[in-house]
Amino acid sequence: MAVSLRQLRYLEALARTRHFGRAARLCAVTQPALSMQIRDLERDLGVALVERRAGAVALTPAGEVAAARAEAILAAVRDLEDAARAGAGLLAGSVRLGLIPSVAPYLLPVLLRAVGERHPALDLQIRESQTAALLDELRRGDLDAVVAALPVGPDLETLPLRDDPFLVAVAASDAGAWARETDPRARLSRERLLLLEEGHCLRDQAIQYCGLPEPQTRRALAAASLATIMSMVAAGHGVTLLPRLCAAEARRPGVALVPFPSAPPRRHLALAWRRSSARRRDFEALAELMRG
């Protein structure tokens, strides 16, 4: 029997989750059905791919090689599907778009309104997650494009969307002193810095700009959302760097935004996609909508 795309999808899911039950849920099939297909694949290839253990799964060396090749084949199949969609017209069919959390709430309303007005037939499927997860899904072919802060890696194509300067979010009672500050970077290094938890690119950008040593980084207070951070700023528990795109988070009592006196740090937002994708014209049109 020839190897099927279904078997490759199941193997790829198993390699990703290392668990038969989770892989089955990911593929929307029963666990026995997925297990049977993996056994059929092992029989067809004549080699063991999986070490079955209690509560977990490990891939054999041959399984690791097969899973990597399966991922590449499935990505190529998705690119073939993209090429077919590209012939159906600009922004036709579906686009699976990933956005980082510090962009999605502020950019999506503008984008969805523009799509509804100019491309009502487009099926725009949204996924919000941290940068590393989105880029992994993009490279696997689970997403068509991603909005993230540069850099995203030389293996991806990108189009610039906007430069997003940072502001300092401080307690309103401290705004006057911060506005007179001539060296905000030095002061930031002395303040208690409020950061998003690990995995968020905003955290890495703030640490890089402030030049925090590792011990001080460990003492910085981490939160899961910008809303939580703004509440703590308002209560006087620290300060943070906030991109201008996210300035709406600071529209609450007790918080003030202070611009840098010169040369503010900034992040560079871009739309990224796989170099092998045939939908560049779609992504150019999508980027234009996002620029507003």
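Quick note: structure is the one above.
What you see is a predicted model, and the numbers here were worked out from it, not measured in a lab.

1. Quick notes on the overall build of the protein chain
The helix and strand inventory of the protein chain stands at twelve helices and eleven strands. Structurally, the protein chain occupies a C-alpha span of about 75 × 50 × 30 Å along its principal axes. Evaluated residue by residue, the protein chain yields a buried proportion of 49% over its 292 residues. Here the contacts in the protein chain between residues at least 6 apart in sequence split such that 71% fall between residues at least 24 apart. Roughly 14000 Å² of accessible area belongs to the protein chain as shown, and the carbon and sulfur atoms make up 53% of that amount. Positive and negative side-chain charges in the protein chain, numbering 39 and 33 respectively, have mean positions lying 2 Å apart.

2. Brief notes about helix H2 (residues 20–27)
Within the sequence span of H2, burial applies to Phe20, Gly21, Ala23 and Ala24. The buried side chains of H2 occupy one side of the element, clustering within an arc of 165° when seen end-on. For H2, the elements touching its buried residues are helix H1 (5–17), helix H3 (31–45), strand E1 (50–53) and strand E2 (56–59).

3. Focus on the side chain of serine 102
Locating serine 102 in the fold gives a position in the loop between strand E3 (94–99) and helix H5 (104–118). Overall, the relative accessible area of 6% leaves serine 102 in the buried class. At 2.8 Å, the side chain of serine 102 and the side chain of arginine 267 are in polar contact. Apart from the residues lying within four places of it in its own chain, the contact partners of serine 102 are Leu202, Leu245, Cys246 and Arg267.

4. A closer look at the pattern of salt bridges
Scanning the entire structure with this criterion turns up 20 salt bridges. Of the charged contacts in the structure, one is a salt bridge between aspartate 144 and arginine 96, with a shortest N-O distance of 2.8 Å. Of this pair, aspartate 144 sits in the loop between helix H6 (131–140) and strand E5 (145–149) while arginine 96 sits in strand E3, and the two are 48 residues apart along the sequence. On the basis of relative accessible area, aspartate 144 is assigned to the buried category, the value being 1%.

5. Section: the packing of aromatic side chains
Counted by the stated rule, this structure contains one aromatic pair. Ring geometry for tryptophan 273 against phenylalanine 283: centres 5.2 Å apart, planes inclined by 40°, an arrangement best described as tilted. Pair noted here: tryptophan 273 is in strand E11 (residues 266–274) and phenylalanine 283 is in helix H12 (residues 280–291), with a separation of ten residues, a long-range link. Here tryptophan 273 matches phenylalanine 283 in class, with each residue buried. When the ring centre of tryptophan 178 is taken as origin, the NZ or CZ atom of arginine 187, which lies over that ring, is 4.4 Å away.

6. Remarks on the environment of leucine 135
Within the element layout of this structure, leucine 135 appears in helix H6. Between the C-alpha atoms of leucine 135 and aspartate 82, which are 53 residues apart in sequence, the distance is 18 Å. Excluding its chain neighbours within four sequence positions, the residues that come into contact with leucine 135 are Val146, Val152 and Leu156.

7. Focus: the environment of valine 239
Positionally, valine 239 belongs in the loop between helix H11 (226–234) and strand E9 (240–243). By relative accessible area, which is 4% here, valine 239 ends up buried. Along the primary structure valine 239 and leucine 194 are separated by 45 residues, whereas in three dimensions their C-alpha atoms are 5.8 Å apart. The residues touching valine 239, leaving out its near neighbours within four places in the chain, are Ala169, Val170, Trp178, Leu188, Glu191, Arg192, Leu193, Leu194 and Val233.

8. What to know about H11
Every buried residue of H11 is accounted for by Leu226, Ile229, Met230 and Val233. Considered in projection along H11, the buried side chains sweep an arc of 100° and stay on one side of the axis. Just past H11, the residue glycine 236 takes up positive phi, approximately 80°.

9. A few points about the nonpolar core
Residues Leu97, Leu111, Val147, Leu188, Leu241, Leu271 and Leu286 are the most contacted members of the largest nonpolar core, which totals 70 residues. Leucine 111 has contacts with Leu97, Leu124, Leu286, Leu289 and Met290, leaving out every residue within four places of it along the chain.

10. Regarding unusual backbone geometry
A cis amide bond, omega 0°, links leucine 150 with the succeeding residue proline 151. The residue arginine 18 is not glycine, and still its phi comes out positive at about 55°. As for its position among the elements, arginine 18 is in the loop between H1 and H2. Phi at alanine 263 takes a positive value of approximately 45°, unusual for a residue other than glycine. Within the secondary structure layout, alanine 263 lies in the loop between strand E10 (255–258) and E11. Classification of alanine 263 as exposed rests on a relative accessible area of 70%.

Cut-offs applied
- Residues numbered from 1 in each chain as written.
- Predicted model: local features only at pLDDT ≥ 70, side-chain atom pairs only at ≥ 80, totals over all residues.
- Heavy atoms only, no water.
- Helix = DSSP H or I, 4+ residues; strand = E, 2+ residues; numbered from the N terminus.
- Buried < 20%, exposed > 50% of the residue type's maximum accessible area, 1.4 Å probe, protein only.
- Contact = heavy atoms within 4.5 Å.
- Areas by Shrake-Rupley, 256 points an atom, 1.4 Å probe, with all protein chains shown as cover.
- Lys, Arg positive; Asp, Glu negative; His and termini not counted.
- Charge placed at Lys NZ, Arg CZ, Asp CG, Glu CD.
- Arc of directions from axis to C-beta.
- Polar contact = N/O pair within 3.5 Å; in protein donor to acceptor, adjacent residues only side chain to side chain.
- Salt bridge = Lys/Arg side-chain N within 4 Å of Asp/Glu carboxyl O.
- Phe/Tyr/Trp six-rings, centres within 6.5 Å; stacked < 30°, edge-to-face > 60°.
- Lys NZ or Arg CZ within 6 Å of the ring centre and 35° of its normal.
- Core = buried A, V, L, I, M, F, W, Y, C linked by side-chain atoms within 4.5 Å.

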